[in-house]
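Results of the structural survey
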Amino acid sequence: QVELVESGGGLVQAGGSLRLSCAASGRIQSIKTMSWDRQAPGKQRELVARISSGGSTNYADSVKGRFTISRDNAKNTVYLQMNSLKPEDTAVYFCSAGDYSGGYYYALGWGQGTQVTVSS
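Keep in mind that what you see is a predicted model, and the values were worked out from it rather than measured.

A few words on the nonpolar core. In summary, soluble globular proteins display a tendency toward joint burial of nonpolar side chains. Residues Trp 36, Leu 80, Met 82 and Tyr 93 are the most contacted members of the largest nonpolar core, which totals 27 residues. When residues of this core are traced back to their parent elements, those giving at least two are strand S1 (2-7), strand S3 (18-26), strand S4 (33-39), strand S5 (46-51), strand S7 (67-72), strand S8 (77-82), strand S9 (91-101) and strand S11 (114-119).

Structure, rendered in structure tokens:
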């Protein structure tokens, strides 16, 4: 079992920045990949960014060039720096930690979510 606690959400004007943090505890030795997803009202949850234990990253096209995912393995923490925020970035952001099996990512745990609201 992996427990995850997010922080850093809030209300920001369009064009502003926020930094989300997510700290992992529990079976952290099982964690290889950490991920940020988001879910806007009435929409499906979608992947925002993912980072491997070696630092390889991938991003949703909608956030490329604006968001940066990073991790501090010593602190078991993943970050999401969000710049040039747009109203369409408004969502609940969730972090997860897990691994890949057969080419598919599976989560060992999810955070409770943190609200990000971007006003126009």
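Our next topic: the side chain of Asp 37. Looking at where Asp 37 falls in the secondary structure, it is placed in strand S4. Side chain to side chain, Asp 37 and Ser 35 meet in a polar contact 3.2 Å long. Apart from residues lying up to four places away in sequence, Asp 37 is in contact with Arg 45, Glu 46, Leu 47, Val 48, Val 92, Tyr 93, Phe 94 and Trp 110.

This part is about the sheet that holds S3. Read across the sheet, four strands follow the order S1-S3-S8-S7 without closing on themselves; strand pairing throughout is antiparallel. At either margin of the open sheet sits one strand with a lone partner, and together these are S1 and S7. With direction set aside, neighbouring strand axes in the sheet form an average angle of 15°. Across six bridges, S7 lies against S8 in antiparallel orientation. Following the sheet pairing, Thr 68 is matched in S8 by Gln 81.

Let us now look at the environment of Arg 19. Here Arg 19 lies in strand S3. C-alpha of Arg 19 to C-alpha of Gln 115: the two residues are 96 residues apart in sequence and 12 Å apart in space. Ignoring anything within four residues of it in the chain, the contact list for Arg 19 reads Ser 7, Gly 8, Tyr 79, Leu 80 and Gln 81.

Criteria and thresholds
Starting from 1, residues in each chain are numbered consecutively following that chain's sequence as written. pLDDT decides what is reported in this predicted model: residues at 70 or higher carry local features, side-chain atom pairs at 80 or more are listed and counted, and totals for whole chains, interfaces and linings draw on all residues regardless. Side-chain measures here rest on the full set of heavy atoms in the structure, leaving out hydrogens and waters. By nonpolar core we mean a set of buried residues, namely Ala, Val, Leu, Ile, Met, Phe, Trp, Tyr and Cys, connected to one another through side-chain atoms within 4.5 Å. Buried residues are those whose accessible area, probed at 1.4 Å on protein chains only, stays under 20% of the maximum for their type, while exposed residues exceed 50% and partly exposed ones sit between those limits. In this description a helix means any DSSP run of H or I spanning at least four residues, a strand means any run of E spanning at least two, and both kinds are numbered starting from the N terminus. Distance and chemistry together define a polar contact, namely a pair of N or O atoms within 3.5 Å, with one atom able to donate a hydrogen and the other to accept it when in protein, and with adjacent residues in sequence counting only for side-chain atoms on both sides. Contact between two residues is taken to exist if any of their heavy atoms lie within 4.5 Å; hydrogens are not considered. For two strands to count as paired, DSSP must find a minimum of two bridges between them. Only the stretch in contact is used when a helix axis is fitted, and all axes are lines through C-alpha atoms; the angle between N-to-C directions ranges over 0 to 180 degrees.

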